[in-house]
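Residues per chain, in single letters:
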Amino acid sequence: MANIYLPVGSVTGTATAVANALADALIAAGHNASVDINASVAALNAQPWDAVLVVTSTTGQGDVPANLLPFYVQLEEQFPLQNGRPFGVVSLGDSSYDRTFCNAGALLEERFFELQGKAPIPRVTIDATETSTPDDDALFWLKEWMEVALA
């Protein structure tokens, strides 16, 4: 059984719904999962999390959503080393925005690599122009992530 922290960046609620679906799947698989729409480094450090699973949409010009931006900034300022802790990123976006497609997820992935986190599989990008069921796509990715990250 693993404890997984799920920081969420959401504008319209889709990323939150995806995070909740992932948490339900993790719990059904026998793990503990905590979805946090007000993520912080304090919460990241508050428990001995076995893994971190970021779920985020992208807003503006490829920006991190407002509710996740403080967490992203805190990660840079406080630099809480992850020391090989497994992490994953589920990135939601719209590919009609070529240059900024799923950029928030890319930024979070890069930050966790800087903090010496370990991504057992690459982040997943979910395109709103190709699917109306992002939670299904994320759940498909989660199966592989769990097999590798939580083994």
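In what follows, the accompanying structure is described. Since the model is a prediction, treat every value here as computed from it, not as a measurement.

Check the secondary structure of the chain and you find 5 helices and 5 strands. Each helix and strand of the chain, placed in order from N terminus to C terminus, yields the pattern β-α-β-α-β-α-β-α-β-α. Expected size for 151 residues packed as a compact globule is a radius of gyration near 15 Å; at 14 Å, the chain falls within 12% of this value. The C-alpha extent of the chain, read off along each of the three principal axes, is 40 × 35 × 25 Å. Expressed as a percentage of its 151 residues, the buried residues of the chain come to 47%. Across the chain, the fraction of contacts at a sequence separation of at least 24, relative to all contacts at a separation of at least 6, is 81%. Of the roughly 7200 Å² of accessible surface on the chain, 50% is carried by carbon and sulfur atoms. Between the mean site of the 6 positive side-chain charges and the mean site of the 18 negative ones, the chain shows a separation of 6 Å.

Let's shift gears to the packing of aromatic side chains. The geometry of an aromatic ring pair is captured by the separation of the ring centres together with the interplanar angle, meaning the angle of the planes. The tally for this structure, following the rule as stated, stands at 6 aromatic pairs. On the basis of an interplanar angle of 70° and a centroid distance of 6.4 Å, the ring pair of Tyr-5 and Phe-71 is categorised as edge-to-face. Of this pair, Tyr-5 sits in strand S1 (residues 3-9) while Phe-71 sits in helix H3 (residues 69-78), and the two are 66 residues apart along the sequence. Phe-71 carries the same exposure label as Tyr-5, and that label is buried. Put simply, the rings of Tyr-5, Trp-49, Phe-71, Phe-87, Phe-112 and Phe-113 pair up and form one aromatic cluster. The residue whose ring lies beneath Arg-111 is Tyr-72, and the NZ or CZ to ring-centre distance is 4.1 Å.

Parameters at a glance
For every chain, the first residue of the written sequence is number 1, and numbering continues from 1 along that sequence. Per-residue local features of the predicted model are confined to residues with pLDDT of at least 70, and side-chain atom pairs are confined, for both listing and counting, to 80 or more; whole-chain, interface and lining totals are unaffected and use all residues. Only hydrogens and water are set aside; all other atoms, that is, all heavy atoms of the structure, feed into the side-chain values. Put simply, DSSP H or I for four residues or longer makes a helix, DSSP E for two residues or longer makes a strand, and each gets a number counted from the N terminus. The globule rule used for comparison is 2.2 Å times the number of residues to the exponent 0.38, while the radius of gyration itself is calculated over C-alpha atoms. Remark: exposure states derive from per-residue accessible area (1.4 Å probe, protein chains only) relative to the maximum for the residue type, with buried under 20%, exposed over 50%, and partly exposed in between. Residue contacts follow a heavy-atom distance rule, with two residues in contact if any of their heavy atoms lie within 4.5 Å. The protein chains shown are the only cover counted for residues, whose accessible areas, like all others here, come from Shrake-Rupley with a 1.4 Å probe. A residue counts as positive if it is Lys or Arg and as negative if it is Asp or Glu; His and the chain ends are not included. Taken as the charge location is NZ of Lys, CZ of Arg, CG of Asp or CD of Glu. Pairing of aromatic side chains requires ring centres within 6.5 Å, counting the rings of Phe and Tyr and the six-membered ring of Trp. Pairs whose planes differ by under 30 degrees are stacked, by over 60 edge-to-face, and all others tilted. Only lysine NZ and arginine CZ atoms are considered, and such an atom sits over a ring when it is within 6 Å of the ring centre and within 35 degrees of the ring normal.

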